[in-house]
Amino acid sequence: MPVLPLRRLPLARARNPLAACIVVGAAWASTHGWRLLGSKDTRSSRSLLHVSVEPPEQSLLGDLYTATSLPLLAVTCVLGWLTRPTADAEQVPKGFQQFQFQYLLVWFLAITADWLQGPYVYELYASYGWSKADIARLFVAGFASSMLTGTFIGSVADAWGRKFCAILYCILYGLACLTKHVNVYGVLMLGRLLGGAATSLLFSTFECWMVGEHKRCGFPDGLLRYMFGLMFFVQYLAAIGAGWLAQLAASSMPLTQVADSDALWYGGSTLPFDLSLAFLLTAMPAIYFMWQENYGERRGEGVAGLSQVALSFQAGCDALASDWRVPLLGLAVAAFESSMYVFVFNWTPALDGCSAGTPPHGLIFSAFMMACMCGSSLFNLLDASIAPIKALWPVCLLAAGALATVASSLFTTSSEALIFFSFLAFEACVGAYFPCVSTVKSELVPEEARAGVYNVYRVPLNMCVVLLLLADLELKTSFAICSILLLSSVLAVTMLGAAPRRISE
């Protein structure tokens, strides 16, 4: 999950029961549909030879993934219904529903294209025969690309136009999808760099366009919060559906080498990326014909706008020096979110290594997203009188326990079921963490230095991720270190809660 931090924010659920029925049908089809077609779920070997191997018989654990997803979906729908976004029909002005449709349709296409790739990034590289260390370098490259471009992409979008940059996202991510068919390390590296830049555009440009258009049309500010709720609902619904769709696509045919070519491949784990490309190609004309261009308030500053990055960073450093609680919160953020990014890299090899066959990565990814949604919904159901800082330390503690359980299992029995359920618990913590920590940051970080402080927070976070990924540690060691990092976040949050100047309750 490159990723999002972005990708895990509070949301509410669908109010249409038909959507739930469609998702359930997709879940069943993703694991059983190939049988109806009379085909076998084959995949290429991990070597570079053009060999297809027969899939193992469906095991009890294979059924467990499906059996877990269905009740988890039911719980997700119930919690989502209880926390669904609502708006007073009398307060909805003329033209708002059209604006809502124009944005949410494009957002659905764009975010689905991103989520479709998540379950099979590691699997594809491993199928091409690259080592864990090689794959780690590819992940680090994508992470670094997103990190670097994220520091100035907002200013660029303000100057060049949000509609233009939204189309640019589709182009860059489309090119990144095409590189997945070429088993050449340099080409795969280029794809990661393009994908990282595209991800920065996705989680800045689209939201900025929505806010700018909302204000241009003069809609009430109260409806903006409602739009954010719908936006995050669509984001998670797309993630769940994308996991199942990716599973169905990847299992429909084996990964096959193109005749008379040493580097070109198709089928298997490349198919989710082809589906992603199709969504991107659909999103481009939708953006072009349905959106109007809008710009930031400082349009025309051009490159001068990029100089604001340095000033913002300096303001962030000054804010950290003025209040000891600000860097302490940064420690908690870096510890938790670096563990999350390392988890995104490690979950596939962890489940692959303890499974007798090939786990259904798409179905597992969807289960993770449902657990994340449940965590977010549970936080939204908390009594408003409970201070977010008081809810944050139990979330971090439970996350530390979940990854400690994974590490313990890898050191001993390597129980696939225990590891899977621990991963679900960790994802639920991630879902609760982001709305919780966002509230704490909004109360603690000075508004005039907010962007700079958030950029400073990313420095230790990025260092932890890069060091852990490039160290090429054993999985059990990596998860144990992540658990220790999460315990340090518990300590930092506990100290914040006990500070003389308490965060507002």
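Structure: see above.
What comes next is a walk through the structure. What you see is a predicted model, and the numbers here were worked out from it, not measured in a lab.

Digging into the overall build of the chain
Helix and strand content of the chain: 17 helices and 4 strands. Within the chain, the proportion of its 505 residues that are buried is 55%. Accessible surface, the chain: about 20,700 Å² in total, of which carbon and sulfur atoms supply 66%.

Topic: unusual backbone geometry
Among all residues except glycine, the phi angle is most often negative; among peptide bonds, the trans geometry is most common. At Ser414, a residue that is not glycine, the phi angle is positive and equals roughly 55°. With respect to the helices and strands, the residue Ser414 is situated in the loop between α14 (388-411) and α15 (416-444). Here Ser414 falls in the partly exposed class, since its relative accessible area comes to 28%. With a phi angle near 55°, Asp472 is a residue other than glycine that sits in the positive phi range. Examined against the element boundaries, Asp472 turns out to sit in the loop between α16 (450-470) and α17 (475-497). On the basis of relative accessibility, which here comes to 41%, the residue Asp472 falls in the partly exposed class.

So, the side chain of Lys180
With respect to the element layout, Lys180 can be found in the loop between α7 (162-179) and α8 (185-216). Look at Lys180: it is buried, it has no salt bridge, and the nearest opposite charge is Asp114 at 9.9 Å.

Some thoughts on the packing of helix α12 (residues 325-353) against α17
Here α12 crosses α17 at 155°, and the two axes come no closer than 8 Å. By the angle between their axes, α12 is roughly antiparallel relative to α17. Note that α12 runs across α17; the crossing there is left-handed. Residues of the contact of α12 with α17, tallied by class, amount to 19 nonpolar, 6 polar and 1 charged.

Considering the pattern of salt bridges
A full pass over the atoms with the stated rule returns 3 salt bridges. The salt bridge involving Arg137 is made with Asp134; its shortest N-O contact spans 2.4 Å. In this pair, Arg137 and Asp134 both sit in helix α5 (residues 132-150), 3 residues apart, roughly one turn of the helix. With relative accessibility at 17%, the residue Asp134 sits in the buried group. For Arg216, the salt bridge is made with Glu213, and the minimal N-O distance between the two is 2.6 Å. Within this pair, Arg216 and its partner Glu213 are both found in helix α8, separated by 3 residues, close to a single helical turn.

Thoughts on the packing of aromatic side chains
What the rule picks out here adds up to 37 aromatic pairs. Centroid distance Phe343 to Phe368: 5.6 Å. Interplanar angle 55°. Geometry classified as tilted. Highlighted residues: Phe343 in helix α12 and Phe368 in helix α13 (residues 361-380), separated in sequence by 25 residues. No difference in accessibility class separates Phe343 from Phe368, as the two residues are buried. A cation over a ring is seen here: Lys163 above Tyr288, with NZ or CZ 5.0 Å from the ring centre.

Re the state of the cysteines
Following the criterion strictly, the structure yields 0 disulfides and no others. With no disulfide of its own, Cys374 lies closest to Cys77 among cysteine sulfurs, the gap being 9.1 Å. Owing to a relative accessible area of 8%, Cys374 belongs among the buried residues under this scheme. Not part of a disulfide, Cys482 finds its nearest cysteine sulfur in Cys464, a span of 9.3 Å.

Description of the environment of Glu123
On the secondary structure map, Glu123 appears in helix α4 (residues 121-127). Residue classification places Glu123 among the buried positions, given a relative accessible area of 2%. A C-alpha to C-alpha distance of 7.2 Å links Glu123 and Thr348, two positions 225 residues apart in sequence.

Here's the deal with helix α9 (residues 221-250)
Residues separated by three or four positions in an α-helix point in the same direction, a consequence of the helix having 3.6 residues per turn. Its 30 residues place the ends of α9 43 Å apart at the C-alpha level, agreeing with the 44 Å of an ideal helix rising 1.5 Å per residue. Counting buried residues in α9 gives 23 out of 30 residues, a clear majority hidden from the surface.

Here's the deal with a nonpolar patch on the surface
A grouping of Val78, Trp81, Leu82, Leu378 and Leu381 is seen on the molecular surface, where their side chains present a nonpolar patch of about 490 Å² in accessible area. For the nonpolar patch, the element with the most residues is helix α2 (residues 60-82), which contributes 3 residues. By the element assignment, Val78 lies in helix α2.

A closer look at the side chain of Gln247
Tracing the chain through its elements places Gln247 in helix α9. What makes Gln247 buried here is its relative accessible area of 7%. There is a polar contact of 3.1 Å between the side chain of Gln247 and the side chain of Tyr120. Within the structure, the side chain of Gln247 is placed 3.1 Å from the backbone nitrogen of His361, a separation counted as a polar contact.

Let's talk about the packing of helix α3 (residues 96-115) against α9
Put simply, α3 and α9 touch, their axes get as near as 9 Å, and they point 35° apart. Here the hand of the crossing between α3 and α9 comes out right-handed. Contacts between α3 and α9 involve Phe96, Phe99, Gln100, Tyr103, Leu104, Trp107, Phe108, Ile111, Thr112 and Trp115 from the first element and Leu223, Tyr226, Met227, Leu230, Met231, Val234, Gln235, Ala238, Ala239 and Ala242 from the second. Here the contact of α3 with α9 is built from residues that sort into 17 nonpolar, 3 polar and no charged.

Conventions and cut-offs
- Residues numbered from 1 in each chain as written.
- Predicted model: local features only at pLDDT ≥ 70, side-chain atom pairs only at ≥ 80, totals over all residues.
- Heavy atoms only, no water.
- Helix = DSSP H or I, 4+ residues; strand = E, 2+ residues; numbered from the N terminus.
- Buried < 20%, exposed > 50% of the residue type's maximum accessible area, 1.4 Å probe, protein only.
- Areas by Shrake-Rupley, 256 points an atom, 1.4 Å probe, with all protein chains shown as cover.
- Lys, Arg positive; Asp, Glu negative; His and termini not counted.
- Salt bridge = Lys/Arg side-chain N within 4 Å of Asp/Glu carboxyl O.
- Axes fitted to C-alpha atoms, helices over the stretch in contact; angles between N-to-C directions.
- Parallel < 35°, antiparallel > 145°, perpendicular 65-115°, else oblique.
- Left-handed = near helix turned anticlockwise from the far one by under 90°.
- Nonpolar A, V, L, I, M, F, W, Y, C, P; charged D, E, K, R; others polar.
- Phe/Tyr/Trp six-rings, centres within 6.5 Å; stacked < 30°, edge-to-face > 60°.
- Lys NZ or Arg CZ within 6 Å of the ring centre and 35° of its normal.
- Disulfide = S-S within 2.5 Å.
- Expected span 1.5 Å × (residues − 1).
- Patch = residues over 30% accessible without salt bridge, like charges linked within 9 Å, V, L, I, M, F, W, Y side chains within 5 Å.
- Polar contact = N/O pair within 3.5 Å; in protein donor to acceptor, adjacent residues only side chain to side chain.
- Contact = heavy atoms within 4.5 Å.

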